[in-house]
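A structural walkthrough
One-letter residues, chain by chain:
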Amino acid sequence: MNILISNDDGYRAPGIVALYEAFKSLGHVEVVAPELNNSAKSNALTLNSPLYVHEGENGFRYVNGTPADCVHIALTGLLDFRPDLIISGINNGANMGDDTIYSGTVGAAMEGYLMGIPSIAFSQVDKGWAYVHDAAKRARALVDLLLRDGLIDVQRTDSTEQQQSPWLLNVNIPNLPINEQKGYKICRLGRRHPAEKVITQMNPRGETMYWIGAAGPAKDVSEGTDFFATQEGYTSVTPIQIDLTDHQAMSPWAEKLASSV
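Please read all numbers here as calculations on a predicted model, not as lab measurements.

Cut-offs used in this document
Residues numbered from 1 in each chain as written. Predicted model: local features only at pLDDT ≥ 70, side-chain atom pairs only at ≥ 80, totals over all residues. Heavy atoms only, no water. Helix = DSSP H or I, 4+ residues; strand = E, 2+ residues; numbered from the N terminus. Rg over C-alpha atoms; globule rule 2.2 N^0.38 Å. Buried < 20%, exposed > 50% of the residue type's maximum accessible area, 1.4 Å probe, protein only. Contact = heavy atoms within 4.5 Å. Areas by Shrake-Rupley, 256 points an atom, 1.4 Å probe, with all protein chains shown as cover. Lys, Arg positive; Asp, Glu negative; His and termini not counted. Charge placed at Lys NZ, Arg CZ, Asp CG, Glu CD. Axes fitted to C-alpha atoms, helices over the stretch in contact; angles between N-to-C directions. Parallel < 35°, antiparallel > 145°, perpendicular 65-115°, else oblique. Left-handed = near helix turned anticlockwise from the far one by under 90°. Core = buried A, V, L, I, M, F, W, Y, C linked by side-chain atoms within 4.5 Å. Pairing = 2+ DSSP bridges. Salt bridge = Lys/Arg side-chain N within 4 Å of Asp/Glu carboxyl O. Nonpolar A, V, L, I, M, F, W, Y, C, P; charged D, E, K, R; others polar.

1. Describing the overall build of the protein
Helix and strand counts for the protein stand at 7 helices and 13 strands. On C-alpha atoms alone, the protein measures out to a radius of gyration of 20 Å, which is about the 18 Å that the 2.2 N^0.38 rule sets for 261 residues. Classification of the 261 residues of the protein by burial places 47% in the buried group. Sequence separation of 24 or more characterises 75% of the internal contacts of the protein that already satisfy a separation of 6 or more. Approximately 13,700 Å² of the protein is accessible, and the part contributed by carbon and sulfur atoms is 53%. Averaging the locations of the 20 positively and 30 negatively charged side chains of the protein gives two centres separated by 4 Å.

Encoded structure:
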């Protein structure tokens, strides 16, 4: 099996190291990740400056760019094989609800999905890396289940021809010992309240600096959401789609525009 691992916390982050250790026995595993922390970079690609790939002291390759840059470069020229699966994470903190719009962890997985490869974004609910190796075991167990059920088409050649319809999963794992974690729960995304107020400071030159405020607290934590599932000790699994079209609103908008002619 060929696996590509990336993240948004940087190639030295404990989360990506734990993922590699959990998956290296499954097949040929390559790591291509950002040089530095690139949280909240979403799907951004670097278009106005050159990108460089280097190999770190841990054997992982790193890029002076975004998570999406890493996956894009890996799939369009760096790797000499087409991965069967792309894994992103483990992120230092939750990517639930509205977080998925901003998340570099999800952005890396989404880039793989857009390239036609099944992809999974893994995050821990709380920051700090507590029980990160247990989270990696939980991630590996999920992939083992997907393999068992034939949801990952392991290719036997280096052909770039798409072998199956890709899918994208967003997974959040509680910071608990693995024997205290419950099972997997398929969930919809919850919602957060708006972000907190921007933080302002003065620099030594008397200029105002602005820092983006913290994410808002959870708003929709009702049963069936990722917030609810993880609070109950489950690992939340949310299938993600890319189509942002509001299909239900198309007819009303068409009527409004037609009446204005």
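Having put the structure on the table, let's press on.
2. A few points about the packing of helix H2 (residues 67-78) against helix H4 (residues 104-114)
Taken N-terminus to C-terminus, the directions of H2 and H4 make an angle of 25°; their axes are 7 Å apart at the nearest point. If you check the angle between H2 and H4, you find them roughly parallel. When the axes of H2 and H4 are compared, the crossing they make is right-handed. Residues Pro67, Ala68, Val71, His72 and Leu75 of H2 touch H4, and the partners they reach there are Gly104, Gly107, Ala108, Glu111 and Gly112.

3. Section: the nonpolar core
Counting residues in hydrophobic clusters, the biggest one holds 35 residues, and the most contacted among them are Phe23, Ile120 and Phe122. Of all elements in the fold, only strand E1 (2-6), helix H1 (14-23), strand E2 (28-34), strand E5 (85-91), strand E6 (119-124), helix H5 (132-148) and strand E7 (168-173) reach the threshold of two or more residues within this core. The greatest single-element share of this core, amounting to 7 residues, is contributed by H5. Leave out the neighbours within four places in its chain, and Phe23 touches Ile3, Val29, Ile87, Ala139, Arg140 and Val143.

4. Section: the pairing of strand E13 (residues 235-239)
Among the 5 residues that make up E13, 4 are buried, leaving the element largely enclosed by the rest of the structure. When E7 meets E13, the two strands line up antiparallel, connected through 4 bridges. Within E13, the position partnered with Val171 by the bridge is Val237. Examined bridge by bridge, strand E8 (residues 184-186) and E13 share 3 bridges and lie parallel to one another. Each residue of the ladder has a partner; that of Lys185, found in E13, is Ser236.

5. Comments concerning the pattern of salt bridges
Tallied over the full model, the rule gives 7 salt bridges. Two residues, Arg61 and Glu30, come together in a salt bridge whose shortest N-O distance is 3.0 Å. Linking Arg61 in strand E4 (residues 61-63) with Glu30 in strand E2, this pair joins segments that are 31 residues apart in sequence.

6. What to know about the environment of Pro34
The topology assignment puts Pro34 in strand E2. Under the relative-accessibility criterion, Pro34 is labelled buried at 0%. Expressed as a C-alpha distance, the spacing of Pro34 and Ala13, which sit 21 residues apart in the sequence, is 10 Å. Those residues within four positions of Pro34 in sequence are excluded, and the remaining contacts are Ser6, Asn7, Asp8, Gly10, Tyr11, Tyr62, Val63, Gly65, Thr66, Pro67 and Cys70.

7. Notes on H4
Of all 11 residues in H4, 9 are buried, a share of seventy percent or more. Inspection of H4 places Gly104, Thr105, Val106, Gly107, Ala108, Ala109, Met110, Glu111 and Gly112 among the buried residues, and these make up the whole buried set. On its buried face, H4 sits against E1, H2, E5, helix H3 (99-102), E6 and E7. A positive backbone phi angle near 90° is found at Gly116, which sits one or two residues after H4.

8. Considerations on the packing of H1 against H5
Where H1 meets H5, the closest approach of the two axes is 9 Å, and the angle between their N-to-C directions is 45°. By the angle between their axes, H1 is oblique relative to H5. Note that H1 runs across H5; the crossing there is right-handed. Residues Pro14, Gly15, Ala18, Leu19, Ala22 and Phe23 of H1 form the contact with H5, whose own contacting residues are Val132, His133, Ala136, Ala139, Arg140 and Val143. Partitioned by chemical class, the residues of the contact of H1 with H5 number 9 nonpolar, 2 polar and 1 charged.

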